[in-house]
Amino acid sequence: MTQDELKQAVAQAAIQYVVEDSIVGVGTGSTANFFIDELAKIKHKIKGAVASSEATAARLRGHGISVFDLNEVSAMPVYIDGADEITPQGAMIKGGGAALTREKIVASVADKFICIADGSKLVDLLGKFPLPIEVIPMAQAVVMRKLNALGGAAHLRLKDGQPLLTDNGNIIIDVHGLQITDPVALEAAMNNIVGVVTVGLFAKQGANVCLLGTAGGVKTLTF
């Protein structure tokens, strides 16, 4: 199976976690896009969705799915999103699509986080994928110095030669070369750096379930 076929398989499997007549939290990225396409097939069974990015909102609306502002939502059964890396304990690195802050906010409202990923994303140790961190632009230099002091190599993420800006108008710093043995502690330490908006470690509140696409079918991991 190709990587896209694996992503489609887990997206289809995630539909079983959608609660009828509810609002669904939806993530950002290529795997989440497959899920949105599957969600469109049952859109008549749900109230709508909360999107974790402008790109996701546009795709949902393109399928005729109502998009709610999170401030209008008091309860949400599930949040469904991909991961750049996930451990057997459910800790994740997210933010390859630069939507980590909104993803973390939407996930915090949901009763359950369903991670959908192809098998290559399952790792024993987080850190091979550069860790994304959303940062207030004026704090770029000081935050990068402090991140480097934690043992990584901080790089400003660029797009077309310019700093990539998030939907929130902030920059992304990617930290390379980490071996994250204690993701909960590192998440707390990085979040406490002044100027950091959010770190792309989802460890204190990780996934509850991971639907993992493999050549042998979709495997379900629970945490």
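Residues numbered from 1 in each chain as written. Predicted model: local features only at pLDDT ≥ 70, side-chain atom pairs only at ≥ 80, totals over all residues. Heavy atoms only, no water.

**Things to note about the nonpolar core**
What counts, and what does not: Take the buried residues of types Ala, Val, Leu, Ile, Met, Phe, Trp, Tyr and Cys, join any two whose side-chain atoms come within 4.5 Å, and each joined set is a nonpolar core. A 1.4 Å probe rolled over the protein chains alone gives each residue an accessible area, and that area as a share of the maximum for its type sets the label: buried under 20%, exposed over 50%, partly exposed in between. Secondary structure elements follow DSSP: runs of H or I of four or more residues count as helices, runs of E of two or more count as strands, with numbering from the N terminus. Contacts are assigned to residue pairs that have any heavy atoms within 4.5 Å of one another.
Within the largest apolar cluster, 27 residues are counted, with the highest numbers of intra-cluster contacts made by Val18, Val26, Phe35, Leu39, Leu60, Ile80 and Leu211. Mapped onto this core, the elements with two or more residues apiece are helix 1 (3-14), strand 1 (23-26), helix 2 (30-39), strand 2 (48-51), helix 3 (54-62), strand 3 (76-81), strand 6 (110-118) and strand 14 (209-214). In contact with Val26, not counting residues within four places along its chain, are Phe35, Ile36, Leu39, Ala49, Val50, Ala51, Ser52, Thr56, Leu60, Tyr79 and Ile80.

**Concerning a nonpolar patch on the surface**
This is how the line gets drawn: Like charges within 9 Å and nonpolar side chains (Val, Leu, Ile, Met, Phe, Trp, Tyr) within 5 Å are joined into patches, using only residues over 30% in relative accessible area that form no salt bridge. The Shrake-Rupley method, run with a 1.4 Å probe, gives the accessible areas here. Residue values count only the displayed protein chains as cover. The working definition used for a salt bridge is a side-chain nitrogen of Lys or Arg within 4 Å of a carboxyl oxygen of Asp or Glu.
Taken together, the side chains of Ile136, Met138 and Val197 make up a nonpolar region of the molecular surface, amounting to roughly 300 Å² of accessible area. Locating Met138 in the fold gives a position in the loop between strand 7 (131-135) and helix 5 (140-149).

**Regarding the sheet that holds strand 12 (residues 196-199)**
Put simply, the rule reads: For two strands to be treated as a pair, DSSP must find at least two bridges joining them. Comment: axis = line fitted to C-alpha atoms, over the contacting stretch for helices; angle = value between 0 and 180 degrees taken between N-to-C directions.
The 4 strands are arranged 8-11-7-12 in an open sheet whose pairing can be described as antiparallel. The sheet terminates laterally at strand 8 (153-156) and strand 12, the two strands that pair on one side only. The mean inter-strand angle of the sheet, taken between neighbouring strand axes irrespective of direction, is 30 degrees. With 3 bridges joining them, strand 7 and strand 12 adopt antiparallel strand pairing. Within strand 12, the residue paired with Glu134 across the bridge is Thr198. Sheet strands touched by helix 5: strand 7, strand 8, strand 11 (171-176) and strand 12. Its angle to strand 8, the strand with the most contacts, is close to 155 degrees. The strands touched by helix 6 (residues 183-191) within the sheet are strand 7 and strand 12, with strand 12 carrying the most contacts at an inclination of about 165 degrees.

**Regarding the sheet that holds strand 13 (residues 201-202)**
Ordered by their spatial adjacency, 3 strands build an open sheet running 4-5-13, and the pairing between neighbours is antiparallel. Strand pairing shows two members of the sheet lacking a second neighbour, strand 4 (85-86) and strand 13, which therefore form its edges. Across 2 bridges, the pairing between strand 5 (residues 92-93) and strand 13 is antiparallel. Bridging across to strand 13, Ile93 finds its partner in Leu201.

**Points about the packing of aromatic side chains**
Rules: Pairing of aromatic side chains here covers Phe, Tyr and the six-membered ring of Trp, requires ring centres within 6.5 Å, and sorts the geometry by plane angle: under 30 degrees stacked, over 60 edge-to-face, intermediate tilted. Placement of a charge over a ring requires the Lys NZ or Arg CZ to be within 6 Å of the ring centre, with the centre-to-atom vector within 35 degrees of the ring normal.
For the coordinates displayed, the defined rule picks out 2 aromatic pairs. With 6.4 Å between their ring centres and 80 degrees between their planes, Phe113 and Phe202 make a pair best called edge-to-face. Residue Phe113 is located in strand 6, and its partner Phe202 is located in strand 13; the two are separated by 89 residues in the primary sequence. The burial state of Phe113 is the same as that of Phe202; both residues are buried. Aromatic rings pair up to connect Tyr79, Phe113 and Phe202 into one cluster. A cation over an aromatic ring shows up here: Lys94 above the ring of Phe202, its NZ or CZ 5.6 Å from the ring centre. Positioned over the ring face of Phe202 is Lys104, at 4.8 Å from the centre of the ring.

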